[in-house]
Amino acid sequence: MLGVKDPSLLRQRTLALLLAVVMLFGLAACGSAEEPVEPDQPAETPAEPVETTEVIIASTTSTEDSGLFEVLIPAFEADNPEYKISVVAVGTGQALEIGRNKDADVLLVHAKADEETFVAEGYGTDRQDVMYNDFVIVGPESDPAGIKDGDDAAAALKAIADAKAKFISRGDDSGTHKAELKLWAAAGIEPSGDWYDSIGQGMGDTLTMTSESEGYTIADRGTWLSMRDGLDLVIVVEGDPVLFNQYGVIPVTDANNQEGARAFADWIVSPAGQEVIRTYGVDVYGEPLFVPNAQ
Amino acid sequence: MNVFVEAVVTAARLTLEGSPALWGVIAVTFEVAIVSTVAGIVLGAPMGFLMGASRFRGRRVLVALTNTAMGIPPVVIGLIVMMVLSRKGPLGFMGLLYSVDAMSIAQTLISTPIIAGLVSAAVASVPGKLRLQARSLGASRVQEALLVLKEARLGVLAAIASGFGAVVRGVGAVMMVGGNIEGKTRVLTTAIVQESRMGNFGMALALGLLLMAITFAMNGFLTWYQHSNERYERG
């Protein structure tokens, strides 16, 4: 964001490599000490099911803002009483970084390409599709760019840029921000100028600022539905297939609580977990927020 | 440990390369900090002087209120200012929300009670006998006030340094009313929050080092100023 993105990317690679080397040394050093402890645990767990271990999920602010965790976690803990879930909700970039540092056990994020790289580089054991939701383009009722009721996201963005209508960008390297950048690229526009505000904040703050500035933004439907009552905004474009947003679950390699991470990943793609996702939000919003699509 | 080394290297590189974006962030940081410190002095210092140097009805209540205001979390100040400046708020017609001015207003509300409270304490610690003596030697009210301020100058400088420190390191209020807009309202602290949220811990730490350097320079200047004055006094 400070205009030094590209050189720092290279540096981050180097840093990640260095970290990996240090971790390997660390593992080699404590691996022998840890291993004898492991065999005891499976024997103990069935005997004392009341003893719980903590599973840390790194996820995104938009997932948390949607309220899904409030039903998903109790349902998982009811099915798996030996685990207690803690959620760290951050941007996708930080969630992946937390995963690389092994400060979380399992990730539930939505940036498929980055997730696949994450697994390919060995930071995650595997990645499975969990569900998808979609993005919507929202804007003021007055609609200065004249894009209401559209279903072509790229054309809508082009109209916003042509009209120089205020657009608020997440600008935080999040899944939503990446989706937005992909759409600008598809529209053949490099957004910049007084009309384009990049704010580096979460979805909720972005929607609030968009409403206050009478601008346009791209939001995930979940956060939009849960916040729309307090906003002076309406959906202007929806339903374009490029707006679909796939979530994946990734257990972190050599995480602190590998059994818990595996149990969560297996549960969320199981019929029980998928059913919780399928029904979430219907009672409040009259429509589901997420479409489960685990294979 | 690598991330810390990386942060120092990044901080040095950022300073040497001096990208326009970074200078923009630093310029806005200074603008907000200086405007709100000066405004805090203009509003808070006379109030603090009155609270510390004179006795009047309701003084204790005012002192208690000032001390409470010093402890209000910046994010609460930010929330209040945001609601007032919001399009639906009483001052929404001014269109100030998400501007540098809005940030300066919020930060002034933070610096004013700090400067008032600390000036009050500094002025109150000046011996009453000194003032009595000055008056008996024929000093006017204004001359007496200047004498008290001169005696309390170390405390007053400390008050100004605290006010500046509070606004330059604050993040809660400026994030809410400024919105961290790139190239417009982004300051060092909000950039740090954003970089950490994005997982760029090295960059975040580097920006933190720059912020510390600025605070250090400011405090170094004030300390030097104090010392040079004392030396002058001693002759």
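You'll find the structure just up there.
Calculation notes
Residues numbered from 1 in each chain as written. Chains lettered and ligands numbered in written order. Predicted model: local features only at pLDDT ≥ 70, side-chain atom pairs only at ≥ 80, totals over all residues. Heavy atoms only, no water. Helix = DSSP H or I, 4+ residues; strand = E, 2+ residues; numbered from the N terminus. Buried < 20%, exposed > 50% of the residue type's maximum accessible area, 1.4 Å probe, protein only. Contact = heavy atoms within 4.5 Å. Areas by Shrake-Rupley, 256 points an atom, 1.4 Å probe, with all protein chains shown as cover. Buried area = accessible area lost by both parts, 1.4 Å probe. Salt bridge = Lys/Arg side-chain N within 4 Å of Asp/Glu carboxyl O. Polar contact = N/O pair within 3.5 Å; in protein donor to acceptor, adjacent residues only side chain to side chain. Patch = residues over 30% accessible without salt bridge, like charges linked within 9 Å, V, L, I, M, F, W, Y side chains within 5 Å. Lys, Arg positive; Asp, Glu negative; His and termini not counted. Charge placed at Lys NZ, Arg CZ, Asp CG, Glu CD. Axes fitted to C-alpha atoms, helices over the stretch in contact; angles between N-to-C directions. Parallel < 35°, antiparallel > 145°, perpendicular 65-115°, else oblique. Left-handed = near helix turned anticlockwise from the far one by under 90°. Phe/Tyr/Trp six-rings, centres within 6.5 Å; stacked < 30°, edge-to-face > 60°.

Student: How would you summarise the overall build of chain A if you had to cite specific residues and measurements?
Tutor: Along its length, chain A carries 13 helices and 10 strands. Out of the 295 residues belonging to chain A, those deemed buried represent 51%. Within chain A, counting contacts between residues at least 6 apart in sequence, those at least 24 apart form 75% of the total. For chain A, the exposed surface amounts to about 13,000 Å²; the carbon and sulfur share of it is 54%.

Student: Report on the interface of chain B and chain A, specifying residues and quantitative values.
Tutor: Opposite the 35 residues of chain B that make contact, chain A presents 32 residues. The junction of chain B with chain A conceals about 3,000 Å² of combined surface from both sides, 52% of it contributed by carbon and sulfur atoms. Among the residues of chain B in contact with chain A, B:Arg87, B:Arg197 and B:Met198 are the three that bury the most area, contributing 23% of the side total. At the junction of chain B and chain A, the tally comes to five salt bridges. B:Lys88 is paired through a salt bridge with A:Asp232; the nearest N and O atoms lie 3.9 Å apart. On the surface where chain B and chain A come into contact, there are 11 residue pairs in polar contact (both at pLDDT 80 or more).

Student: Can you tell me about a negative patch on the surface, naming the residues and giving the values?
Tutor: All names here are of chain A. Residues Glu64, Asp65, Glu70 and Asp205 make up a contiguous surface patch of negative charge. Residue position: glutamate 70 is located in helix H4 (residues 69–79). With a relative accessible area of 63%, glutamate 70 lands in the exposed category.

Student: Break down the packing of helix H2 (residues 20–53) of chain B against helix H8 (residues 153–169) of chain B for me, with residues and values.
Tutor: Between two packed helices, both the angle of their axes relative to each other and the distance between the axes serve to describe the pair. Residue and element names in this part refer to chain B. It is at 9 Å that the axes of H2 and H8 come closest, and there the two elements cross at 140 degrees. Between H2 and H8, the angle falls in the class oblique. Crossing of H2 over H8 shows right-handed handedness. Residues Thr29, Ala33, Ile34, Ser36, Thr37 and Ile41 of H2 touch H8, and the partners they reach there are Ile160, Gly163, Phe164, Val167 and Val168.

Student: Before we move on, can you summarise the environment of A:Glu116 with the specific residues and values?
Tutor: Residues and elements named next belong to chain A. For glutamate 116, the location among the structural elements is in helix H6 (residues 112–120). Among the residues examined, glutamate 116 registers a relative accessible area of 42% and is labelled partly exposed. Separated by 131 residues in the primary sequence, glutamate 116 and tyrosine 247 place their C-alpha atoms 12 Å from one another.

Student: Describe the environment of B:Thr68, and please don't skip the residues or the numbers.
Tutor: Tracing the backbone shows B:Thr68 in helix H3 (residues 59–70). Residues B:Thr68 and B:Ser140, 72 residues apart in the sequence, show an inter-C-alpha distance of 34 Å.

Student: Please give an account of the packing of aromatic side chains that cites residues and values.
Tutor: All names here are of chain A. As enumerated under the stated definition, the model contains 13 aromatic pairs over all chains in all. Residues phenylalanine 76 and tyrosine 83 carry aromatic rings whose centres are separated by 6.4 Å and whose planes lie at 15 degrees to one another, so their mutual orientation is stacked. Taken together, the aromatic side chains of Phe76, Tyr83, Phe264 and Trp267 make up a single cluster linked through ring pairs.

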